[in-house]
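Here's the letter readout for the chains.
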Amino acid sequence: MQKKFVFRGLAAATIAACLAGFSPAQAQDAYKIGYITDLSGPLASSYTPTWEGFELYIKALNDRGGIGGKKVDVVLDDDGLKADRAVAAAKKQTERDNVLGIFGLSLSSTQGPVYAEMRKIGVPVITTFSGILDALPPAQPFSYSTGVVFEVAGDAIGELIQNIKKGGKVVGMTIDSVGGRAALAHNKKLVLAAGGQWDEVIFPVATSDFTPFAQAANEKKPDIVVGHYGSGQNLGVIPALRRSGYTGPYVVASYGVTEDTIRAAAQRAGSGDNIFYVSRYSSAFDKNPSVAEVAAAQKKYGTSKPFSSMHVTGWALGKFAEEALKKCGWPCTRDKLDKIVQTLKVDMGGLTGGPIEMVAGDGYGPTYWRLYAWNAKSNEMEPKSGWVKREAKGYK
Amino acid sequence: MEFVATVVILTCTYALLAAGIVILYKAGRVVNFAHGEIAIVGGYVFYSSGMMFSGGEMSPWLAVLGAIVFSVIMGAFIYATMMRRVVGEPFYVAILVTVGIAIVLKSAIIVIWRAQHLTIDVGIAPAIRLAGGATLSYMDVASVALTIAFFIALYLFFTFTRLGVQFRGTAENPLLASQRGVNVNLVLSLAWIIAVLAATLSGVLYGGRAFLSTESVTIGLAGLTAALVGGLDSLRGAVIGAFVVALAQYLTVRLIDPVLSEALPFLILLVVMSIRPWGLFGTVEELDRV
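## Considering the overall build of chain A
Move 1: Secondary structure assignment for chain A yields 13 helices and 15 strands.
Move 2: On C-alpha atoms alone, chain A measures out to a radius of gyration of 22 Å, which is about the 21 Å that the 2.2 N^0.38 rule sets for 396 residues.
Move 3: The dimensions of chain A, computed from C-alpha atoms along their principal axes, are 90 × 40 × 40 Å.
Move 4: Out of the 396 residues in chain A, the part that is buried amounts to 61%.
Move 5: Taking contacts inside chain A between residues at least 6 apart in sequence as the whole, the part at least 24 apart equals 69%.
Move 6: Surface summary for chain A: the accessible area is close to 14,800 Å², and the carbon and sulfur share equals 54%.
Move 7: Charge separation in chain A, taken as the distance between the mean sites of 46 positive and 38 negative side-chain charges, equals 3 Å.

## Observations regarding the interface of chain A and chain B
Move 1: Contact with chain A, which involves 33 residues of that partner, is made by 34 residues of chain B.
Move 2: Area buried by chain A at its contact with chain B is led by S208, R243 and R268 of chain A, which between them contribute 25% of it.
Move 3: The interface formed by chain A and chain B contains three salt bridges.
Move 4: Taking the shortest distance from any N to any O, the salt bridge between R209 of chain B and D209 of chain A comes out at 3.8 Å.
Move 5: Applying the counting criterion to the chain A and chain B interface returns 15 residue pairs in polar contact (both at pLDDT 80 or more).

## Things to note about the pattern of salt bridges
All names here are of chain A.
Move 1: Enumeration according to the criterion identifies 25 salt bridges over all chains in this entry.
Move 2: Across the salt bridge formed by E117 and K91, the nearest N and O atoms sit 3.8 Å from each other. With a gap of 26 residues between them, E117 in helix α5 (residues 108-121) and K91 in helix α4 (residues 83-95) connect regions that are remote in the sequence.
Move 3: Where R390 meets D155, a salt bridge forms, and the shortest distance between an N and an O atom there is 3.6 Å. Here R390 is found in strand β15 (residues 388-390), whereas its partner D155 is found in helix α6 (residues 150-160), with 235 residues between them in sequence. Pair check on accessibility: R390 and D155 agree, each one buried.
Move 4: The structure contains a network of salt bridges with shared partners spanning R64, E322 and K326.

## Observations concerning the environment of V226 of chain A
Residues and elements named next belong to chain A.
Move 1: By secondary structure assignment, the location of V226 is in strand β8 (residues 224-228).
Move 2: By relative accessible area, which is 0% here, V226 ends up buried.
Move 3: Ignoring anything within four residues of it in the chain, the contact list for V226 reads I157, I161, V170, V171, G172, M173, N187 and V251.

## Quick look at the environment of I132 of chain A
Move 1: Tracing the backbone shows I132 of chain A in the loop between β4 (125-130) and β5 (143-149).
Move 2: In this view, I132 of chain A contacts S108, Q111, G112, Y115 and V149 of chain A; residues no more than four positions away in its chain are not counted.

## Re the pairing of strand β1 (residues 126-129) of chain B
Residue and element names in this part refer to chain B.
Move 1: Here three bridges tie β1 to strand β2 (residues 135-137), and the two strands are oriented antiparallel to one another. Bridge assignment links P126 to a residue of β2, and that residue is S137.
Move 2: Here β1 folds back onto β2 in antiparallel fashion, the turn holding five residues, of which G132 has a positive phi close to 95°.

## Here's the deal with the pairing of strand β2 (residues 71-78) of chain A
Residue and element names in this part refer to chain A.
Move 1: The sheet contact formed by strand β1 (residues 30-37) and β2 spans eight bridges and is parallel. Each residue of the ladder has a partner; that of I33, found in β2, is V74.
Move 2: For the crossover that starts at β1, traverses helix α3 (residues 44-63) and ends in the parallel β2, the hand is right-handed.

## Points about the sheet that holds β5 of chain A
All names here are of chain A.
Move 1: Ordered in space as β2-β1-β3-β4-β5, the five strands form an open sheet in which the pairing is parallel. A single partner strand is all that each edge strand has here, and the edge strands are β2 and β5. The average undirected angle you get between the axes of adjacent strands in this sheet is 25°.
Move 2: Relative to the sheet, α3 contacts β1, β2, β3 (102-104) and β4, its axis offset from that of β2 by approximately 160°.

## Remarks on a nonpolar patch on the surface
Move 1: Taken together, the side chains of V64, L65, I68, V69, V72, I73, F77 and L197 of chain B define a hydrophobic patch exposed on the protein surface, amounting to about 680 Å² of accessible area.
Move 2: A per-element tally of the nonpolar patch places helix α3 (residues 60-83) of chain B first, with seven residues.

## Some remarks on the state of the cysteines
Residue and element names in this part refer to chain A.
Move 1: In the structure shown here, the tally under the stated rule is one disulfide over all chains.
Move 2: The disulfide bridge from C328 ends at C332, spanning 1.9 Å between sulfur atoms. Here the disulfide of C328 and C332 is right-handed, its torsion about the S-S bond being about 90°. This pair shows no difference in class: C328 is buried, exactly as C332 is.

## Some details on the packing of aromatic side chains
Move 1: Enumeration over the complete set of coordinates arrives at 21 aromatic pairs over all chains.
Move 2: With a centroid separation of 5.4 Å and an interplanar angle of 50°, the aromatic rings of F203 of chain A and F213 of chain A are classed as tilted. Residue F203 of chain A is found in strand β7 (residues 197-203), and its partner F213 of chain A is found in helix α8 (residues 211-219); the two are separated by ten residues along the sequence. A single burial state applies to F203 of chain A and to F213 of chain A, both of which are buried.
Move 3: Relative to F151 of chain B, the ring of F150 of chain B lies with its centre 5.7 Å away and its plane at 85°, an arrangement referred to as edge-to-face. Take F150 of chain B and F151 of chain B: they sit in the same class, and that class is buried.

## So, the packing of α6 of chain A against helix α7 (residues 178-193) of chain A
Residues and elements named next belong to chain A.
Move 1: As a packed pair, α6 and α7 sit with axes 7 Å apart at the nearest point and diverge in direction by 35°. α6 and α7 meet at a crossing whose hand is right-handed. Where α6 approaches α7, its residues F150, E151, G154, D155, I157, G158 and E159 are matched on the opposing element by G179, A182, A183, H186, N187, K189 and L190.
Move 2: When its residues are assigned to classes, the contact of α6 with α7 shows five nonpolar, five polar and four charged.

Each value, and the rule that gives it
Residues numbered from 1 in each chain as written. Chains lettered and ligands numbered in written order. Predicted model: local features only at pLDDT ≥ 70, side-chain atom pairs only at ≥ 80, totals over all residues. Heavy atoms only, no water. Helix = DSSP H or I, 4+ residues; strand = E, 2+ residues; numbered from the N terminus. Rg over C-alpha atoms; globule rule 2.2 N^0.38 Å. Buried < 20%, exposed > 50% of the residue type's maximum accessible area, 1.4 Å probe, protein only. Contact = heavy atoms within 4.5 Å. Areas by Shrake-Rupley, 256 points an atom, 1.4 Å probe, with all protein chains shown as cover. Lys, Arg positive; Asp, Glu negative; His and termini not counted. Charge placed at Lys NZ, Arg CZ, Asp CG, Glu CD. Buried area = accessible area lost by both parts, 1.4 Å probe. Salt bridge = Lys/Arg side-chain N within 4 Å of Asp/Glu carboxyl O. Polar contact = N/O pair within 3.5 Å; in protein donor to acceptor, adjacent residues only side chain to side chain. Pairing = 2+ DSSP bridges. Right-handed = clockwise from strand over helix to strand, strands pointing away. Axes fitted to C-alpha atoms, helices over the stretch in contact; angles between N-to-C directions. Patch = residues over 30% accessible without salt bridge, like charges linked within 9 Å, V, L, I, M, F, W, Y side chains within 5 Å. Disulfide = S-S within 2.5 Å. Phe/Tyr/Trp six-rings, centres within 6.5 Å; stacked < 30°, edge-to-face > 60°. Left-handed = near helix turned anticlockwise from the far one by under 90°. Nonpolar A, V, L, I, M, F, W, Y, C, P; charged D, E, K, R; others polar.

Interpretation in functional terms is not warranted from these geometric data alone.
In structure tokens form, the structure reads like this:
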């Protein structure tokens, strides 16, 4: 009788523990962080490799023994590029999974609501792409980014394309979005300041046949065309521009654009000549030990997407996360993690041109950008400039 | 020349879509809101079939076979499992079913193909060089040739074959056709198969020129607009409607504002619907049925 009672008591305790969602013992075993991104929506092809790069870093880190003997657990959720799903996932991760901070995120439309919700409950959010300016000085609390902000990218591209041709007419192309227009505006400012001419073609977001838009761009007689959009648009625009008869320089702004996309676009266009690429992070073809480390991890653990600069981007975020958690120590709390991230400086090796460096009131820091050229013969990306530095100040 | 070529190719894509919509409306009084999704899924199936056993190189023959099998099965399946059950119900029931099909097919793109942007790289080499350096690919030329072939085949089918005549009879008066021994279910299944085939062809040609993605399904709206502008029960109207939509889109990009290119066809639709609600070539008596 007593045995039966004890058994029932144990069963009840087990069920109660299960219903509680997680046990304190589990929470103490590892650093738990969240990652939200678009793995099934329209931009999944851009965001998946970035997640894979982050995952590779965490796998390698855990295989090395984790941080001070504690593993890092990542709770992954797919937002499908929908703001409501991203917010629901963030709430789930903070309330049920009890994560210390949230990493990744997809488009600006999902970032804004997640930043805002997490701010209310004091959870640091560190994005890999940034369509909004929350992380830029004066930064909103708990808001950080190690990714691409369109305004900053527009400036960097405006400066770097002077390496292709000084002066001349630049035609900027983008989708009809806030981020795209912001990138164009900053690109334009730098082009005009350098004595060049500017024109632009903006097309609807859902466009997938770019032929008339490419013809419109070509009709403006550009010396350089710059495309401010993601992988899919480049896959369509590059062949359409070449079909329209434009053979001049085309610059890919690296907003989640993989090298594989450029290879495919070049193949479709019939030539990879005169295709350039501006990136915040190193290309997958860069010959340096840091990129080689990412490539080795990709070979070891495997990824669903071909190795690209987006894996490098995700890996860099992983490196940033490790340093933040390491400095946070054990046990780490959300408040403590946030305080650490506010002034965190992480050496990126050769993953980009300098460290990722946050200071109080600046959740983005200086960024480094580089111009690459596609080598049509070897089907590889080659650096065409050194890294140029852009401060995050002056964008608000 | 480049202008003419682009408008003609765009017209072909939309005309194939509009033709499918018209055939379904004529045969079963169904306005298909899933036509864009069917077209793009057809394109994805073409791609996947072609890549299935070829180690990275697309096999056009396997791709064509896959697309035909998909069209036959999908068309017959939609009719047998869904549309047949709503025969005799108010017209909006069938429309809602097609909206449901659209949602399921769009989800299939996400689940099966992970929403990948895919391009159909068959015949993409330049075939014709135009003045100014612009080029047309073999796929572009094929778009025009296959569309013309499709419409000629439709004409021959409806005019000279027994099944085609039965089809026309069913479209005219399904009850009478049924009483005269016409297998109405067979005819309606066939209508769905032909419509899916036309949509798939359109999706494949589109994937050769642009790319396939979840966003690409919006071409269905252009096809529907073309069908409505031309008249829902007129195949001739489908071609003219497609031309009007393609021309309007192109001129908007080049002369007005590229951002408005998606909205302008709908403006044309509103104008046509307010002046001739039955479309440019539709029959007036069909109006009360929509």
